[in-house]
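Chain residues, written in single-letter form:
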Amino acid sequence: MGNARSLNHGFLTGTMRSFNLSTLALAAFCTSLLCLPPHPVRAGGEGFSKDDLGGKETIDTKSYDNVDLGKFKANPFHISVSVRGGYDDNPNLNSFDEHGSAFVNVAGELIYAFGSPRTQLRLDTGGGFTYYTDRQNTGDNNNDYDVNAFLSFAVTHKASARLTLGANVYASYQSQPNFDTFNNGGIGFNRDNQNFFYSLSKFSVQYLWTPRFATLTSYTLGVVNYDSNTLSAFEDRFEHTFGNEFRFLLTPTTTLVAEYRFGFVDYTDSNNRDSMSHFFLAGFDHSFSPRFNISARGGVEFRQFDDDALQSDRTDPYAEMTLNYALAKSTTITWFNRYSLEQPDVPDSFSRLTYRTSLAVRHAFTSRISAAVNVAYEHDVNQGAFGLSDFNEDDFDIGLTLRYAINRNWALDAGYEHTEVVSDDAFRGFSRNRYWGGITFTW
C-alpha cells in the first residue's frame, strides 16, 4: 500500500440548494428535535465515531455501564451477526443514468470491554459484505459487491493520581464513503464508488499540575489511501497533528481551555499539495447538569503551502462545537458543528472551506422498540487552482433506523437513508435512496 496523507477543515460561505426532500419540513423537524429537553461532550478536534452517528451494525453496550467501576463480566465478549436485504436506487453514486438494484448485506461485529479502577479498554471490530443483484459496473470499481471492514480500539490508563495516558485508534477499509465517515475527524473523502483505506489515531497524555490546572498533550495521525491510481494521485496522504491544551478549572462545572496545534499534510504523489498549519484556539467545556454538556473551541488557522507559487498562504477562522444532552435514560441527542479549512477531494483545488453539522437522536420507546435519526449537512467552497474558479457543493444526508428486540438475542431492524449532493460541477452531484430490513443475532 502506498503512503497516504491528511487534512484540515473549512467554512460555510453559501446557502443550501433545493433538495428533493421538503426543506421546510426538514427544518421544522430539526427544530423540534433541538427544542427537546439531552451523554458527555467532546471537542478539541474530535468528531463522531461510528457508534455516535448510528446506521451501522452496532451492539447495545449497556452491559458495559459498570466497566469503569472495575466490575468484571464473566464474558467480556459480545458478538453480533446481521443479515439484511433492501433496495438502493443509485448504488454507483452516478450523476446521470441512475440504475437501482436490490442488495443483500451480511455483517458481523465483535466487542471486547475490560475495566478496572485504573485501566479501561474497549475493542470493537467487524466487517460487512454487500452483494447487488443488478449493479451496472462503471469506472475503476467493476464489482457487483461492496466491502466494509473496521477496527476501533480505545484505552485509558491512570499511571498515577496526576498522570493519565490514552489512545484511540480507528481504521477501516470500505468501498464507499458515508456521512459517519465524513464526520469522523473531519477528513474529506472523494465521493466516487472506490475502495479505500482510512485510519485516524489519537494518543494523549494528561497531567494534573494543581487541583485546578492541567495540560493535555496529544498526537493525531490520519491516513487516506485509495486503490484507484487515478484518485491516489491527488488523494493519498498523511496528516500529522500535534496539540497541547492548557486547562483551567474555573468552577466545578466549567473548564476554560487555551490550545495550540501544529499540523502538516504530506501527500504521497502530489508534493505541491503539502502544507503545514498553526492553530491558536480558545474555548471551554461546561456541564449544565450531569445530563447536559457543551464543548466549544474557536480561533484561527495559519496555513503555509510548500509550493507557494501555485497556492498562496492562507489565514482562516476555525470553530467547533459539540453538544450532548441526555433527555432521559431512553433518549440522547448529540449535535456537532465544525467550520474550518479542509483538504479538497478534487484535483483542481488545493484547499476548501467547509461547514459541517450533524444531529443524532436516539430514543427507546419501550424496552423492546428503539429508533435513531441522524441528519448531516456539509457545505464546501473549493478554492480553484491553476486559474480556475471556485465552486460550491452542498451535501445532505438523513438516516432513520428502527429496532424491535424479539428477546435478548434476536432483533428485527429496518432503515431508510437519503443522500443528496448538489454541486456547481454537474458531474459530481447525485441523489440516492436506500431502504433495508433484516434480523440481528447478538450473543
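Note that this is a predicted model, so its numbers are computed, not measured.

Below, the discussion takes up the overall build of the protein chain. Counting secondary structure elements, the protein chain contains four helices and 18 strands. A buried classification covers 50% of the 443 residues belonging to the protein chain. Counting only carbon and sulfur atoms, one obtains 61% of the accessible surface of the protein chain, whose full area is about 19,700 Å².

Bridge analysis of strand β15 (residues 369-384) against strand β16 (residues 391-405) gives 14 bridges, and the strand direction is antiparallel. For Val373, the partnering residue across the bridge sits in β16 and is Leu400. With 13 bridges joining them, β16 and strand β17 (residues 410-423) adopt antiparallel strand pairing. Residue pairing in the sheet places Asp394 in a bridge with Val422 of β17. Count of turn residues in the β16/β17 antiparallel hairpin: four residues.

Quick look at the side chain of Ser277 now. Relative to the helices and strands, Ser277 is located in strand β10 (residues 275-289). On the basis of relative accessible area, Ser277 is assigned to the buried category, the value being 1%. Only 2.7 Å separates the side chain of Ser277 from the side chain of Glu301, close enough to count as a polar contact.

Right, let's talk about the packing of aromatic side chains for a bit. If you walk through the whole model with that rule in mind, you get 16 aromatic pairs. Each ring, one from Phe279 and one from Tyr318, has its centre 5.6 Å from the other, and the planes form 80°; the classification is edge-to-face. With Phe279 in strand β10 and Tyr318 in strand β12 (residues 314-328), the pair connects residues that are 39 residues apart, well separated along the chain. Tyr318 carries the same exposure label as Phe279, and that label is buried. Three or more aromatic residues joined by ring pairs make a cluster, and in this case those are Tyr260, Phe280 and Phe302. Across from the ring centre of Tyr267, 6.0 Å away, lies the NZ or CZ of Arg273, which sits over that ring. In this structure, Arg434 packs its charged tip against the face of Phe103, placed 4.1 Å from the ring centre.

What follows deals with unusual backbone geometry. Leaving glycine aside, a negative phi is the common case for residues, and trans is the common case for peptide bonds. Phi angles above zero are rare outside glycine, and Leu93 is one such case at about 55°. With respect to the helices, strands and loops of the structure, Leu93 is situated in the loop between β1 (77-88) and β2 (101-115). Even without being glycine, Asp97 reaches a positive phi, approximately 55°. Mapped onto the elements, Asp97 comes out in the loop between β1 and β2. Judged by relative accessible area, which is 62%, Asp97 ranks as exposed.

Turning our eyes to something else, we now look at the confidence of the model for the protein chain. Scored by pLDDT, the protein chain has a mean of 81; 78% of the residues are at 70 or more. Every residue in residues 1-73 scores below 50 in pLDDT, and together they form 249 contacts with partners more than four places removed in sequence or on other chains.

Core analysis: the largest hydrophobic core is formed by nine residues, namely Phe150, Tyr170, Phe196, Tyr198, Leu200, Val224, Tyr226, Leu231 and Phe234. The element contributing the most residues to this core is strand β6 (residues 196-208), with three residues.

Before going further, it helps to examine the pairing of β1. Sheet topology note: the β1/β2 ladder contains 12 bridges and is antiparallel. By the bridge assignment, Val81 is partnered in β2 with Gly108. Relative to strand β18 (residues 430-442), β1 runs antiparallel, the two sharing nine bridges. Bridge pairing in β18 places Ser82 opposite Thr440.

All right, on to the pattern of salt bridges then. Inspection of every chain in the model, using the stated rule, returns 24 salt bridges. Asp316 is paired through a salt bridge with Arg314; the nearest N and O atoms lie 3.0 Å apart. For the pair Asp316 and Arg314, a shared accessibility class is recorded, and that class is buried. Of the charged contacts in the structure, one is a salt bridge between Arg428 and Asp345, with a shortest N-O distance of 3.1 Å. Of this pair, Arg428 sits in the loop between β17 and β18 while Asp345 sits in the loop between β13 (331-342) and β14 (349-364), placing them 83 residues apart in sequence. The exposure class assigned to Arg428 is buried, which follows from its relative accessible area of 17%. Assessed through its relative accessible area of 0%, Asp345 is described here as buried. Among the charged side chains, a salt-bridge network with shared partners connects Glu245, Arg247, Glu259, Arg261, Asp285, Arg297, Glu320 and Arg338.

About the cut-offs
- Residues numbered from 1 in each chain as written.
- Predicted model: local features only at pLDDT ≥ 70, side-chain atom pairs only at ≥ 80, totals over all residues.
- Heavy atoms only, no water.
- Helix = DSSP H or I, 4+ residues; strand = E, 2+ residues; numbered from the N terminus.
- Buried < 20%, exposed > 50% of the residue type's maximum accessible area, 1.4 Å probe, protein only.
- Areas by Shrake-Rupley, 256 points an atom, 1.4 Å probe, with all protein chains shown as cover.
- Pairing = 2+ DSSP bridges.
- Polar contact = N/O pair within 3.5 Å; in protein donor to acceptor, adjacent residues only side chain to side chain.
- Phe/Tyr/Trp six-rings, centres within 6.5 Å; stacked < 30°, edge-to-face > 60°.
- Lys NZ or Arg CZ within 6 Å of the ring centre and 35° of its normal.
- pLDDT = per-residue confidence, 0-100.
- Contact = heavy atoms within 4.5 Å.
- Core = buried A, V, L, I, M, F, W, Y, C linked by side-chain atoms within 4.5 Å.
- Salt bridge = Lys/Arg side-chain N within 4 Å of Asp/Glu carboxyl O.

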